[in-house]
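Residue-level structural notes
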Amino acid sequence: MKPSGDVQLPLDEQALSKAMYVEYRLANVPPFKQRRAQEPNLDNQGNVWFTERGTPSSIGRINPATGELKDFMNPVPEGSPHGLVADLDGYIWWAGRDVHLGRIHPGTGEIRQYPVAKKGWHGHTPVLDSKGNIWFSMLPGNKIGKWDRNTDEITLWDNPTQGGRPYGIFVDPKDRVWFANFHKCSIGMFEPGTDKWTEYKAPSAPCLVRRLGMDPDGIVWFGQYSGGKLTRVDPESGEVTEIAMPVQPARPYDVWPDAEGNIWITDDGTKATMVKYEPDTKKFTYYPSPQQGDMPKVAHSHDGGIWYSPRSASTAAVGVLYPDMSTMEANPKYSYPERQ
């Protein structure tokens, strides 16, 4: 693996010797003219699902064991689905243009959509809470929403941060809803039981914030996409700490901790490189990717893989980085993760 472009990366040869990338390339065959895959996520069978944002749009599924690809076509070809998540019953949910949510039954292919109440609103990223409800961000509309599993109804809340435009989102083990205020250099937290909102601002404002995640110790991490910094938030103390990325220009897109507390970052500034940050040692390790293309979201699989999609790459693909092949499980058992 070699760094691409003009950016010179610090390469840890010992770490890279243990790593392997695998990419599943997506051919531009009819009805697809130019595929634009993004946001892989896993179901409880180990299948990898992704959204296809080209025209016509679709929801795709890859079986990593066989490489089999199946596309479920979106009834709205220009629907531009964004994020997706699998629910407790195996349905695949996505959010996209002119819909709060869409839902597909993988067995029958039946699709149901929940249209927006106002033209111009879009669902962005859906996530699952502990009760099986689906929460989602709304960048156009500046809201967060919830599909209630018991009532089959959608409720919307106005984001109190004016112009925040919620982007990335996750639900923590206490069912608190966290989201990135894309245009306000901050993240927000909503407590459904009390309707309480809390905002945590980055010291280096202004900046753009795309995505965020929580580590096993309850610390929230996000990247300053326009500022080249990794940001740490302690919800208990309210302390916000910034850590400069060692290679500039850096544009951290997704920031998603693994089960061991390592922080995995996709960095557009270094030609869409995967970066691991270890908080205990403060070490950054760079994993140059096979293709140049932004990686909007990653997902961790139970065999130690980090799934991604190089959305703007010359060849559409869904890929996985195995950082240490020696630690891979031979027969991993899949279950729904606590945080999607």
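See the structure printed just above.
Below or above, wherever it landed, is the structure these notes cover. (Residues numbered from 1 in each chain as written. Predicted model: local features only at pLDDT ≥ 70, side-chain atom pairs only at ≥ 80, totals over all residues. Heavy atoms only, no water.)

1. Some points on the overall build of the protein chain
A tally of regular secondary structure across the protein chain gives one helix and 28 strands. Whereas a compact globule of 340 residues would reach a radius of gyration of roughly 20 Å, the protein chain reaches 19 Å, a difference of no more than 12%. Overall, the protein chain is about 55 × 50 × 35 Å in size when its C-alpha atoms are taken along their principal axes. When each of the 340 residues of the protein chain is scored for burial, the buried share is 56%. Taking all contacts inside the protein chain whose residues are at least 6 apart in sequence as the whole, residues at least 24 apart take part in 44%. Approximately 14200 Å² of the protein chain is accessible, and the part contributed by carbon and sulfur atoms is 47%. (Helix = DSSP H or I, 4+ residues; strand = E, 2+ residues; numbered from the N terminus. Rg over C-alpha atoms; globule rule 2.2 N^0.38 Å. Buried < 20%, exposed > 50% of the residue type's maximum accessible area, 1.4 Å probe, protein only. Contact = heavy atoms within 4.5 Å. Areas by Shrake-Rupley, 256 points an atom, 1.4 Å probe, with all protein chains shown as cover.)

2. What to know about the side chain of Asp 43
Counting through the fold element by element, Asp 43 comes out in the loop between strand 2 (37-42) and strand 3 (48-52). Although buried, Asp 43 forms no salt bridge, and the nearest oppositely charged side chain, Arg 61, lies 6.2 Å from it. Within polar-contact distance, the side chain of Asp 43 engages the backbone nitrogen of Gly 46 at 3.1 Å. A polar contact is formed between the side chain of Asp 43 and the side chain of Trp 49, at a distance of 3.0 Å. (Lys, Arg positive; Asp, Glu negative; His and termini not counted. Salt bridge = Lys/Arg side-chain N within 4 Å of Asp/Glu carboxyl O. Polar contact = N/O pair within 3.5 Å; in protein donor to acceptor, adjacent residues only side chain to side chain.)

3. Notes on the packing of aromatic side chains
Scanning the entire structure with this criterion turns up 19 aromatic pairs. Within the aromatic cluster, the residues linked to one another by ring pairs are Trp 135, Trp 157, Phe 179, Phe 190 and Trp 197. Looking at Arg 35, its charged tip hangs above the ring of Phe 32, at a distance of 3.9 Å from the centre. Sitting above the plane of the Phe 72 ring, Lys 70 keeps its charged end 5.1 Å from the centroid. (Phe/Tyr/Trp six-rings, centres within 6.5 Å; stacked < 30°, edge-to-face > 60°. Lys NZ or Arg CZ within 6 Å of the ring centre and 35° of its normal.)

4. Observations concerning the sheet that holds strand 1 (residues 20-25)
The strand order across the open sheet built from four strands is 1-28-27-26, with neighbouring strands paired in antiparallel fashion. Each end of this open sheet is capped by a strand with a single partner; those strands are strand 1 and strand 26 (299-300). The pairing of strand 1 with strand 28 (residues 317-322) spans six bridges and is classified as antiparallel. Bridge pairing in strand 28 places Glu 23 opposite Gly 319. (Pairing = 2+ DSSP bridges.)

5. Here's the deal with the sheet that holds strand 2
Spatially, the four strands line up as an open sheet ordered 2-3-4-5, and their pairing is antiparallel. Of all the strands in the sheet, just strand 2 and strand 5 (68-73) have a single pairing partner and so form its edges. The sheet shows a mean angle of 25° between the axes of neighbouring strands, direction not considered. By the bridge criterion, five bridges tie strand 3 to strand 4 (residues 58-63) in an arrangement that is antiparallel. Bridge pairing in strand 4 places Thr 51 opposite Ile 59. (Axes fitted to C-alpha atoms, helices over the stretch in contact; angles between N-to-C directions.)

6. A short note on the state of the cysteines
On inspection of all chains with the given rule, the structure shows one disulfide. The disulfide partner of Cys 185 is Cys 207, and the S-S distance across this bridge is 2.0 Å. Its S-S torsion of approximately 95° makes the covalent link between Cys 185 and Cys 207 right-handed. Of the two residues, Cys 185 is situated in the loop between strand 15 (177-181) and strand 16 (186-191) and Cys 207 in the loop between strand 17 (196-201) and strand 18 (209-214); the sequence distance between them amounts to 22 residues. Take Cys 185 and Cys 207: they sit in the same class, and that class is buried. (Disulfide = S-S within 2.5 Å.)

7. Things to note about the nonpolar core
Trp 178, Ile 187, Leu 212, Val 220, Met 274, Tyr 287 and Leu 321 are the most contacted members of the largest nonpolar core, which has 34 residues in total. Elements represented by at least two residues in this core include exactly helix 1 (13-16), strand 14 (166-171), strand 15, strand 16, strand 18, strand 19 (220-224), strand 22 (252-257) and strand 27 (306-308). Broken down by element, this core gets its largest block of residues, three residues, from strand 18. With residues near it in sequence (within four places) discarded, Leu 321 still touches Ala 19, Met 20, Tyr 21, Trp 264, Met 274, Tyr 287, Gly 304, Gly 305, Ile 306 and Tyr 308. Grouped together as the second largest cluster of nonpolar side chains are 16 residues, Leu 9, Leu 230, Val 275 and Tyr 277 included. (Core = buried A, V, L, I, M, F, W, Y, C linked by side-chain atoms within 4.5 Å.)

8. Points about the pairing of strand 25 (residues 283-287)
Counted residue by residue, strand 25 has four buried out of five residues, so it is predominantly covered. In terms of strand pairing, strand 24 (residues 273-278) meets strand 25 through five bridges, oriented antiparallel. Residue Val 275 lies in a different strand from strand 25, and its bridge partner there is Tyr 286. Taking the residues between adjacent antiparallel strands as the criterion, strand 24 and strand 25 are bridged by four residues, where Lys 282 takes a positive phi near 60°.

9. Observations concerning the pairing of strand 14
Every regular strand shows the same layout, with side chains that alternate between the two sheet faces. Counting buried positions along strand 14 gives six out of six residues, so the element sits mostly inside the fold. The pairing of strand 14 with strand 15 spans four bridges and is antiparallel. Across the sheet, residue Pro 166 finds its bridge partner in strand 15, namely Asn 181. The antiparallel pairing of strand 14 with strand 15 creates a hairpin that spans five residues between the two strands, and Asp 175 there sits at a positive phi of about 65°.

10. A closer look at the environment of Gly 269
Take Gly 269: it is sitting in the loop between strand 23 (263-267) and strand 24. Relative accessible area serves as the criterion here: at 7%, Gly 269 is assigned to the buried category. Taking the C-alpha atoms as reference, Gly 269 lies 25 Å from Ser 80; in sequence the two are 189 residues apart.

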